[in-house]
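# Examination of the molecular architecture
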Amino acid sequence: MTVDIDKADGPADTPPAGPQAIKAIPVRHYGRYVSAVVALALFAGIVYAFAQGRINWGAIPDYFFNDRILSGVGKTLLLTVLCMLIGVVGGILLAVMRLSKNPVTSSIAWFYIWFFRGTPVLVQLIVWFNLGLVFEYINLGPIYKNEWSDFMTPFLTALLGLGLNEAAYMAEICRAGLLSVDEGQTEASHALGMSHAKTLRRIVVPQAMRVIVPPTGNEVINMLKTTSLVSVVQYSELLRVAQDIGQTSGAPAEMLFLAAAWYLVLTSIFSVGQYYLERYYARGALRQLPQTPLQKIRANVLSLGRSKGGLA
């Protein structure tokens, strides 16, 4: 009688026991918890302090959509757009002049940028408003003639003071963008017979926009807030209207909070526009554009739906 040893002792090809799964223990970030608690405590303290203050918070929603407030918001937006238009056009012109090989035009552009960047914009507004002390009349011959005080209205003062000052800053932004384009692009376009103006318009400026757009968006937001300075020249923009309503209604502090809330709303809207504009001009520089906030939300919702479906 023969005995099968292999069958008696069990299968010989049983694989050896594998290594046990490693149990990963996440790193504890206690500093994050402490900082979060401290931040929440500070925020709660600030909210409590404002809640206990002698502020009539009910006046803010009552006047938030007041006709005078909305008129001030409209004038603020109009002034922002027009001043930025002057600043962008003037900035491009000054940047081209600054980069010119002509020493006269380059010097003029340098002096303009030096002067307007070196003096506060509030001082410039007051000087424009009081230039009647120097020029009693403005005489353009048969075209226009009037007293300076009638010619230099609060709106024109705000437009010139903010727009010409912005042109000096936009000149440096545009100059940085133009210098960011490789010189080989200009040399190649000139070799193809393109003029200098056409090279700037068709080759250099489109590529420089990727560098110009982000700081320009910041300048737009800054201009929106800087318009509050024109209240000193009696222009009825948002802050001026809010101050006037505050004096007549007996709620000056509340109207200042209302103006701050409107500025936050407007800057938030402009920030969204800046994000999508930067994303548009980044198409030629990035292999894959970053997801927009809506795309991120949609992706997270779909991933949650797939995970639930997989578990089911």
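Attention in this report is confined to the structure presented alongside it.

Each value, and the rule that gives it
Residues numbered from 1 in each chain as written. Predicted model: local features only at pLDDT ≥ 70, side-chain atom pairs only at ≥ 80, totals over all residues. Heavy atoms only, no water. Buried < 20%, exposed > 50% of the residue type's maximum accessible area, 1.4 Å probe, protein only. Helix = DSSP H or I, 4+ residues; strand = E, 2+ residues; numbered from the N terminus. Arc of directions from axis to C-beta. Contact = heavy atoms within 4.5 Å. Phe/Tyr/Trp six-rings, centres within 6.5 Å; stacked < 30°, edge-to-face > 60°.

## Focus on helix α6 (residues 121–129)
Listed as buried for α6 are Val121, Gln124 and Leu125. In a view along the axis of α6, the buried residues occupy a sector of 100 degrees, so they form one face of it. Buried residues belonging to α6 abut α5 (103–118), α8 (154–179) and α10 (196–226).

## With respect to the side chain of Ser106
Of note, Ser106 is situated in helix α5. Relative accessible area serves as the criterion here: at 18%, Ser106 is assigned to the buried category. Once you skip the residues sitting within four places of it in the chain, Ser106 turns out to touch Met97, Arg98 and Ser100.

## Side note on the packing of aromatic side chains
One pass over the structure, following the stated rule, counts 11 aromatic pairs. On the basis of an interplanar angle of 40 degrees and a centroid distance of 5.5 Å, the ring pair of Phe111 and Trp114 is categorised as tilted. With a gap of three residues between them, Phe111 and Trp114 both fall in helix α5, about one helical turn apart. On the basis of relative accessibility, which here comes to 47%, the residue Phe111 falls in the partly exposed class. With a centroid separation of 5.3 Å and an interplanar angle of 85 degrees, the aromatic rings of Phe115 and Phe116 are classed as edge-to-face. For Phe115, a relative accessible area of 38% gives the class partly exposed.

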